[in-house]
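# Understanding the architecture of this molecule
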Amino acid sequence: MGIPLNQWITITRGPYKIIVADSLDKRSQGLQGVTSLPENTLMLFPNINPGSYFHTINCFLSLDIVPISNSGEVLNIYTVKPNTKKVGPTPYLTSKILEAPAGWFHNKGIRIGDYVPLLNI
């Protein structure tokens with residue numbers, strides 16, 4: 001379905017790989033049809049406006065969908081199952097979204113209000 005993820009821009013920051021949804025087509029596709037992600041691989045949606053909604057229709061993974069501010073602050077953590085129709089709205093100050101397998105943020109000890117400097121890309 002869509003553009004294979006291995007053809008997307010991927011940025012490495014330490015042990016993390018960040019797949020960047022850098023076009024409208026990629027933003028629309030997101031993680032639809034993906035059955036797993038390699039360890040410490042995340043998806044970044046840049047240039048997201050506050051008040052936006054996300055979904056996990058056609059996704060096979062439960063996900064953490066995390067609005068991030070321009071300064072890298074975690075604004076919220078939505079943990080959702082596949083085929084969730086409406087996630088959000090993204091909070092005030094949202095500038096990007098980070099998606100990871102469900103529980104990833106909890107397992108890394110990252111909470112709302114923490115800063116994620118690896119996202120300053």
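This structure is a prediction, so every number in the text was calculated from the model and none was measured.

### Some remarks on the overall build of the protein
The helix and strand tally for the protein stands at 2 helices and 6 strands. Reading the protein from its N terminus to its C terminus gives the helix and strand order β-β-α-β-β-β-β-α. Here the C-alpha atoms of the protein give a radius of gyration of 13 Å, agreeing with the 14 Å that 2.2 N^0.38 yields for 121 residues. With the C-alpha coordinates of the protein rotated into their principal frame, the extents come out at 35 × 30 × 25 Å. Taking all 121 residues of the protein together, the buried fraction comes to 44%. Within the protein, counting contacts between residues at least 6 apart in sequence, those at least 24 apart form 65% of the total. Carbon and sulfur atoms make up 52% of the accessible area of the protein, which amounts to about 6,500 Å² in all. Positive and negative charge centroids in the protein, built from 10 and 7 side chains respectively, lie 2 Å apart.

### Observations concerning the environment of asparagine 47
Relative to the elements of secondary structure, asparagine 47 occurs in the loop between β3 (41-46) and β4 (63-69). For the pair asparagine 47 and glycine 14, spaced 33 residues apart in sequence, the C-alpha separation works out to 23 Å. Once you skip the residues sitting within four places of it in the chain, asparagine 47 turns out to touch Arg27 and Ser95.

### Here we look at the environment of threonine 94
Mapped onto the secondary structure, threonine 94 falls in strand β6 (residues 94-101). Classification of threonine 94 by relative accessible area gives buried; the value is 4%. Taking C-alpha positions, threonine 94 is 6.0 Å from asparagine 49, a pair spaced 45 residues apart along the chain. Only 2.6 Å separates the side chain of threonine 94 from the backbone oxygen of proline 91, close enough to count as a polar contact.

Rules behind the numbers
Residues numbered from 1 in each chain as written. Predicted model: local features only at pLDDT ≥ 70, side-chain atom pairs only at ≥ 80, totals over all residues. Heavy atoms only, no water. Helix = DSSP H or I, 4+ residues; strand = E, 2+ residues; numbered from the N terminus. Rg over C-alpha atoms; globule rule 2.2 N^0.38 Å. Buried < 20%, exposed > 50% of the residue type's maximum accessible area, 1.4 Å probe, protein only. Contact = heavy atoms within 4.5 Å. Areas by Shrake-Rupley, 256 points an atom, 1.4 Å probe, with all protein chains shown as cover. Lys, Arg positive; Asp, Glu negative; His and termini not counted. Charge placed at Lys NZ, Arg CZ, Asp CG, Glu CD. Polar contact = N/O pair within 3.5 Å; in protein donor to acceptor, adjacent residues only side chain to side chain.

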